[in-house]
Each structure stands twice: as C-alpha cells, then as structure tokens.
Amino acid sequence: MSKGKKSDLIGKIIVIVLIAVFVAVGVFTMIGKNATSGTGGGMPGMSRGGGQGGNQPAAVTVSVKTLVPETIQKTVLLNGDVASKTQTSIYPDTSGKVSRLLKQVGDSVRKGEVIGYVDPSRPGSAYAVSPVTATVSGTVIQLPFNVGDTVNTSNALAVIGSLEDLELKVRVSEKYSAYLKTGLPAYVSLVSAPDTLLLAKVTSVSPVVNTSNRTQDVILTMDQKYAGIRPGMFAQVRLVVQEAQNTFVVPLDALRSYNDETAVFVVTADNIALRRIVQTGLANDNDIQITAGLMAGDQVIVAGSVTEGLPVRIAGR
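About the cut-offs
- Residues numbered from 1 in each chain as written.
- Predicted model: local features only at pLDDT ≥ 70, side-chain atom pairs only at ≥ 80, totals over all residues.
- Heavy atoms only, no water.
- Helix = DSSP H or I, 4+ residues; strand = E, 2+ residues; numbered from the N terminus.
- Buried < 20%, exposed > 50% of the residue type's maximum accessible area, 1.4 Å probe, protein only.
- Contact = heavy atoms within 4.5 Å.
- Areas by Shrake-Rupley, 256 points an atom, 1.4 Å probe, with all protein chains shown as cover.
- Pairing = 2+ DSSP bridges.
- Polar contact = N/O pair within 3.5 Å; in protein donor to acceptor, adjacent residues only side chain to side chain.
- pLDDT = per-residue confidence, 0-100.
- Phe/Tyr/Trp six-rings, centres within 6.5 Å; stacked < 30°, edge-to-face > 60°.
- Lys NZ or Arg CZ within 6 Å of the ring centre and 35° of its normal.

Visitor: Break down the overall build of the protein chain for me, citing the residues and quoting the values.
Guide: Assigned secondary structure in the protein chain consists of one helix and 22 strands. Burial analysis of the protein chain (317 residues in total) assigns 29% to the buried set. The contacts of the protein chain with a sequence gap of at least 6 include a subset with a gap of at least 24, amounting to 67%. Accessible surface for the protein chain amounts to roughly 19200 Å². Of this, 53% is attributable to carbon and sulfur atoms.

As structure tokens, then:
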C-alpha cells in the first residue's frame, strides 16, 4: 500500500472513533438528565420518587402498641385442692368393722347425730355396735370407709365441714419462697368449669419448707362465692409472685438485640422506623417491662420486619 493510501485510512479510522466517542457522551448525558428529573425509566423493582424524594423503598405495613402506664404480673402455675376451712374429722370410740353408715357425702348433719355404727365384737362374743356421732354440725364432705371395712380409733370415719367457707391448698416450690406473703393475688380455674376464672388471695404461708419435696404449703381464700365449687375439687392456680404497676409493657416479640444491647423500633411522626435502646425489667410468658428508653405515647412496632430509617405504614390506619 502506498504512503498516501495508508494516511487516508488512518484518518478515516480516527474520524470514526471520534464520532463514536461523541455519540456515547451524548447518550450518557441524556440518561443522567432523565434519572435526575425522574422522567426516565428507573431500575427494575425500584419505585420512582416524586418531587424531591428520588427513589424510595416501599413502606412496610406494621402493627404497633401505643404505650400507656399499665401493670405486669409474673405468675407461677400450681395445682391445688379445694377444702373446707372448718372441717372436723369424726373418730369412732372403739375399733371394729363398719356395720352401717347412715349418711352419704353431701348430706347435712347436726351435732350429736349418728353417722354410722362400728361393731367391736369378736367371733364367739355377743354382737354389739358402737354409734359414731357428729361432734359438730355441717356437711359430710368425706366418708373414707365402706360397710365391712375395719377401723380403729385413729381412723376418721367421716369428715364434716362447711360448703360455704372454702379455701385452696397449694404447694409452692422453694425457689419462689422469697416472694411468698399474705395478700398475693391468684387466678383460679376448675376442671368442672375451665372457662370460669375465679379470684383468690394468699391468706397463709407455711414458715417451713417440706424437706421431702422442697415446697411450702400455701392457703388461698376465694374473693367471691361460686356455687359450682365443692370441697375435694381439683383446681389450677396461677399465683402472682411478682408485680410492677404504673409501668410500660411491650410483647416479648417486640425486642431486638444490637451489639449486646436490647432495643425496640418505634414509629416517628413522619412514619419512619426508629430504633430505641431500652432497659427491661419484670417479664412473664408473653410480655416484658420497659424501665428506660421509652415514654408514654410512643408507638412500638410489635409486628412487621423493619430496619432503621425504613418507611412504615401502620395497619388499620
């Protein structure tokens, strides 16, 4: 190739390269203007911001709890037995076989009335019976023996008590002994009426711990009369062992952990999720006390996955 032709070819290549550069610069300039003004197409999956906002993530729907002072309780679940406060065991005057019972459980009995008879006779001796009489008036709540059973003077043939004056007897693990005191409230449910919640309070606490099962005996009195409750019934008792009043309470699910600190998210006035470091106190199976870091009126996020600064929308509003 001659030197002239080679020079012309190089010149054409340079011109083509310059034209390509100018075109590319123009295209990128137009894309930049469109992105800034918001009139061009954005990245897939991103919402376009309006006005001055630019591209913004979509708001997350959350549920909140607005804080007001309230009470939190820690309870322990116990099993208990219903008993009559004023129950008396009736013993026979002699040993022998129960020959006859005149009363059944639930029957009323007056002081001095015969409950049953015990036959103290031995084979070959004359038949004789010894009456067993009530020493108090009330209702027969226990008849531990049947006709034909052998009893002695240390066996109660019957227990008489009152159906109007009832109490609950429970055993509480010694790990809660520091909290036990008279006046503690409790919530009681019966197997016969599981949907009925009865209120009771502690009226007596044993001063000693049972060494065989490491428990303390506690007696509770019902706050109100309930027609369906009877001595001997099984009850489930939720005894309040700790309580904090006039405090802030949030669900346990609202807590988050950041750098070994406990936090919650609150919703700001402009619907932004904001992380708050908090101090906690008393907790139960569902809720926990907040002792520092929040104030009355704060809207704590209790449901919804959020991060710091994320726009949110409160469900139902």
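Right, picking up where we left off after that structure.
Visitor: Got a sec to walk through the sheet that holds strand β4 (residues 96–101)? Specific residues and values, please.
Guide: Read from one edge of the open sheet, four strands run β7-β6-β4-β9, paired in antiparallel fashion. The open sheet is flanked by β7 (130–133) and β9 (150–151), the only strands paired with a single partner. The sheet contact formed by β4 and β9 spans two bridges and is antiparallel. Across the sheet, Gly96 pairs through a bridge with Val151, a residue of β9.

Visitor: Outline the side chain of Asp298, supporting the account with residue identities and numerical values.
Guide: Mapped onto the elements, Asp298 comes out in the loop between β20 (287–292) and β21 (299–303). In this structure Asp298 comes out as buried when scored by relative accessible area, which is 11%. Within the structure, the side chain of Asp298 is placed 3.0 Å from the side chain of Arg276, a separation counted as a polar contact. Residues contacting Asp298, with those up to four places away along its chain left out, are Lys65, Thr66, Leu67, Val266 and Arg276.

Visitor: Give a description of the pairing of β4 that names residues and reports values.
Guide: The pairing of β4 with strand β6 (residues 114–119) spans four bridges and is antiparallel. By the bridge assignment, Leu101 is partnered in β6 with Gly116.

Visitor: Kindly report on the sheet that holds strand β3 (residues 88–90), identifying the contributing residues and their values.
Guide: Pairing is antiparallel in the open sheet, where four strands are placed in the order β3-β10-β8-β5. Looking at strand neighbours, the two that pair on one side only are β3 and β5 (108–109), the edges of this open sheet. Pairing geometry for β5 and strand β8 (residues 138–142), over two bridges, is antiparallel. By the bridge assignment for β8, Val109 is matched with Gly138.

Visitor: Outline the confidence of the model for the protein chain, listing residues and values.
Guide: For the protein chain, the average pLDDT comes to 86, and 84% of its residues sit at 70 or higher. The lowest-confidence element of the protein chain is helix α1 (residues 3–37), averaging 60 in pLDDT; the highest-confidence one is β20, averaging 97. Residue range residues 35–52 is modelled with pLDDT below 50. Its contacts to residues more than four positions away, or to other chains, number 12 contacts.

Visitor: Lay out the environment of Leu274 with the relevant residues and their values.
Guide: The topology assignment puts Leu274 in strand β18 (residues 273–277). Residues Leu274 and Gly309, 35 residues apart in the sequence, show an inter-C-alpha distance of 6.0 Å. Not counting chain neighbours up to four residues away, the residues in contact with Leu274 comprise Val264, Phe265, Val266, Thr268 and Glu308.

Visitor: For the packing of aromatic side chains, give the residues involved together with the corresponding values.
Guide: Enumeration according to the criterion identifies one aromatic pair in this entry. On the numbers, 6.2 Å between centres and 85 degrees between planes, the contact of Tyr258 with Phe265 is edge-to-face. Residue classification places Phe265 among the buried residues on the basis of a relative accessible area of 3%. Over the ring of Tyr258 we find Arg275; its NZ or CZ atom is 4.3 Å from the centre of that ring.

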